[in-house]
Amino acid sequence: MSQSWLASVLALIISSAAFPAIAQLPGADVDARPDPTVVCHVGIYRLEDGSWVDVAPLVSKGLRWRRLDGATAKMVQDGDGRWISTLGSTSRVEGPQPQLGSCDEARIVFEGKNGRRMTLDAKETTFMGQGGTRLNGRLILPPGDGPVPIMVEVHGSEGANALDFNAFQRVAPASGVGVFVYAKRGSGGSEGRYTQDFYVLAEDAAAAVLEARRLAGARAGRVGLHGASQGGWIAPLAASQTPVDFVTVAFGLAYGALSEDSDQVVLDLKAKGWGADVLEHARQITDVTSVFIASHGKAGFADLEAVRAKYRAEPWFADIKGEFTGFLLNTPNDQIIAMAPVLDLGTSWDYDPLPVLSRLDTPMLWIQAEDDIGAPPDATRQRLIDLAAQGRPVTLLEYPDTDHGIVRFETAPNGVRTSLGYAPGYFQAVLDWARSGRLNGDYGDGIVLTGDAP
């Protein structure tokens with residue numbers, strides 16, 4: 001799930017053998033931990049030519065390296081201790097094959113260039129989020145003693161502890177931009193219960209901004225919010241609660257969580273070749289499932305059963321997926337009822353971001369994936385273009401041929417997409433916006449649709 005519900009609403013019940021199909025959903029990772037056998041290698045390494053390569057932890061076996069140009073691969077060791085890199089998220093041994101030294105050596109060899117792990121200025125902290133909930137955070141600054149821009153990282157729908165798994169906490173400081181990262185409530189030792197309440201999460205993010213400024217002191221230059229996926233709802237909302245110098249949203253949505261599901265259903269059916277008549281029937285179904293979800297399962301069982309009965313025999317019925325509609329159509333009512341006590345994580349189904357975006361004076365950079373099937377971009381694109389036309393400070397950068405995460409992909413014959421790496425220019429755009437609030441050059445294939453083109 002890309003944004004909100006199924007990824008983490010069901011996280012609390014995945015241990016049940018009754019529901020094996022949802023065991024791998026995103027957000028089911030609140031207790032995730034890095035692979036302990038290789039975590040000693042995690043860090044960012046400065047190469048002889050001045051560039052860097054980041055080595056990040058994985059929950060499963062191995063590591064992942066990233067470069068500023070978007071190149072990335074998973075790393076695992078073979079039986080002889082040699083590191084093998086597989087392109088993007090594929091299983092193909094392809095591209096650079098960096099080699100790490102021992103844990104004590106803190107070195108890497110990347111395409112014939114030696115590199116040493118950088119020492120970053122990191123300060124651990126604890127601060128109070130919404131309702132006095134104690135959250136664990138970390139400020140990481142580039143070397144030096146002068147003012148620097150700082151990005152406060154806002155979570156997506158994942159439950160995994162950002163203190164372990166957020167790569168920008170190394171990538172940005174290695175490029176001259178500070179980062180404040182924190183473990184969302186219910187993860188990484190932070191107090192509270194995991195939640196999908198955008199208002200609560202926005203208050204947590206606003207508190208993180210204040211803590212970042214306090215810890216940075218005289219080194220705090222421009223301070224802003226950087227949110228991805230679900231963070232695209234939360235970062236602007238947080239910016240409406242505390243002054244910030246910029247907001248960056250990556251692969252987020254400018255409309256509500258219910259519309260995300262209905263748009264995904266339409267994309268799924270279009271991809272299977274179904275026409276306008278089927279899409280109209282599908283909208284009737286998503287109207288019903290939206291009412292059910294928005295009531296947190298307290299209303300709509302009769303209507304849900306009615307659409308199942310009406311359309312179950314249709315040849316297109318099995319092609320309905322979406323954020324939650326396909327799940328509801330294909331799960332017996334008694335199982336849904338059994339899940340009900342843990343289905344409600346406070347998701348802000350009623351939240352429409354437009355009023356906040358319409359009033360926000362903070363300069364915003366939105367980065368979209370043109371072919372995003374997790375967060376369909378069409379409605380968001382139009383809303384952002386309209387907001388820019390009304391004088392709102394919105395810059396929209398869109399990457400063609402990319403999916404959720406701003407990743408390039410390949411498509412298998414069965415339609416399954418596999419990431420090949422990030423779009424070139426994506427990381428640089430995020431960093432430049434933090435530095436200056438402007439896009440200052442070419443960013444790969446990215447196209448500026450609103451704001452001042454470089």
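Everything in this summary refers to the structure shown in the same document. Because the structure is predicted, anything quoted here is derived from the model rather than measured.

### Quick word on the overall build of the protein chain
Move 1: Along the protein chain, the regular secondary structure elements total 13 helices and 20 strands.
Move 2: For the protein chain, the spread of C-alpha atoms along the three principal axes comes to 65 × 55 × 40 Å.
Move 3: Per-residue burial over the protein chain gives 55% buried out of 454 residues.
Move 4: Put simply, 65% of the contacts in the protein chain that link residues at least 6 apart link residues at least 24 apart.
Move 5: When the accessible surface of the protein chain is split by element, carbon and sulfur atoms take 52% of a total near 18,100 Å².
Move 6: Considering the protein chain, the positive charge centre built from 40 side chains and the negative charge centre built from 55 side chains are found 4 Å apart.

### Side note on the pattern of salt bridges
Move 1: A complete count under the given rule lists 16 salt bridges for this structure.
Move 2: One salt bridge connects aspartate 361 with arginine 392, and the closest N-O pair in it is separated by 2.7 Å. Of this pair, aspartate 361 sits in the loop between helix 11 (354-359) and strand 15 (364-369) while arginine 392 is found in the loop between helix 12 (378-389) and strand 16 (394-399), placing the two residues 31 residues apart along the sequence.
Move 3: A single network of salt bridges, built from pairs that share partners, joins Arg92, Glu94 and Glu410.

### So, helix 7 (residues 276-294)
Move 1: Here helix 7 is 19 residues long and its end C-alpha atoms lie 26 Å apart, about the 27 Å a rise of 1.5 Å per residue gives.
Move 2: Of all the residues in helix 7, the buried ones are Val278, Leu279, Ala282, Ile285, Thr286, Val288, Thr289, Ser290, Phe292 and Ile293.
Move 3: Looking one or two residues past helix 7, histidine 296 carries a phi angle of roughly 60°, positive in sign.

### Some remarks on the packing of helix 7 against helix 8 (residues 301-311)
Axis angle and axis distance: for two packed helices, these are the angle between their axes and the distance between the axes, and together they describe the pair.
Move 1: Contact geometry of helix 7 with helix 8 gives a least axis separation of 9 Å together with a crossing angle of 155°. One finds that helix 7 runs roughly antiparallel with respect to helix 8. Handedness of the crossing formed by helix 7 with helix 8: left-handed. Counting all contacts with helix 7, which are made through His281, Gln284, Ile285, Val288, Thr289 and Phe292, the residues of helix 8 involved are Phe301, Asp303, Leu304, Val307, Lys310 and Tyr311.
Move 2: Here the contact of helix 7 with helix 8 is composed, by residue class, of seven nonpolar, three polar and two charged.

### As for helix 13 (residues 426-436)
Move 1: Of all eleven residues in helix 13, eight are buried; the element is thus mostly enclosed.
Move 2: Burial in helix 13 covers these residues: Tyr426, Phe427, Ala429, Val430, Leu431, Asp432, Trp433 and Ala434.
Move 3: Just downstream of helix 13, glycine 437 is the residue with a positive phi angle, here 75°.

### Things to note about unusual backbone geometry
Move 1: With a phi close to 55°, alanine 106 is a non-glycine residue in the positive phi region.
Move 2: Mapped onto the elements of the fold, alanine 106 is located in the loop between strand 6 (99-100) and strand 7 (107-110).
Move 3: Residue classification places alanine 106 among the buried residues on the basis of a relative accessible area of 15%.
Move 4: One non-glycine residue, isoleucine 406, adopts positive backbone phi at about 55°.
Move 5: Checked against the element boundaries, isoleucine 406 lands in the loop between strand 17 (402-403) and strand 18 (407-411).
Move 6: Here isoleucine 406 falls in the buried class, since its relative accessible area comes to 0%.

### What about the sheet that holds strand 18?
Move 1: Judged by pairing direction, the sheet is antiparallel, and its three strands sit side by side in the order 17-18-19 without closing on themselves. Edge positions in the open sheet fall to strand 17 and strand 19 (417-422), since each of these has one partner strand only.
Move 2: Where strand 18 meets strand 19, five bridges bridge the pair, whose relative direction is antiparallel. Across the sheet, glutamate 410 pairs through a bridge with threonine 418, a residue of strand 19.

### Section: the environment of aspartate 268
Move 1: Take aspartate 268: it is sitting in helix 6 (residues 257-271).
Move 2: Taking relative accessible area as the criterion, aspartate 268 reaches 22% and is therefore assigned partly exposed.
Move 3: Excluding anything up to four places from it in sequence, aspartate 268 contacts Asp319, Lys321 and Gly322.

What counts as what
- Residues numbered from 1 in each chain as written.
- Predicted model: local features only at pLDDT ≥ 70, side-chain atom pairs only at ≥ 80, totals over all residues.
- Heavy atoms only, no water.
- Helix = DSSP H or I, 4+ residues; strand = E, 2+ residues; numbered from the N terminus.
- Buried < 20%, exposed > 50% of the residue type's maximum accessible area, 1.4 Å probe, protein only.
- Contact = heavy atoms within 4.5 Å.
- Areas by Shrake-Rupley, 256 points an atom, 1.4 Å probe, with all protein chains shown as cover.
- Lys, Arg positive; Asp, Glu negative; His and termini not counted.
- Charge placed at Lys NZ, Arg CZ, Asp CG, Glu CD.
- Salt bridge = Lys/Arg side-chain N within 4 Å of Asp/Glu carboxyl O.
- Expected span 1.5 Å × (residues − 1).
- Axes fitted to C-alpha atoms, helices over the stretch in contact; angles between N-to-C directions.
- Parallel < 35°, antiparallel > 145°, perpendicular 65-115°, else oblique.
- Left-handed = near helix turned anticlockwise from the far one by under 90°.
- Nonpolar A, V, L, I, M, F, W, Y, C, P; charged D, E, K, R; others polar.
- Pairing = 2+ DSSP bridges.

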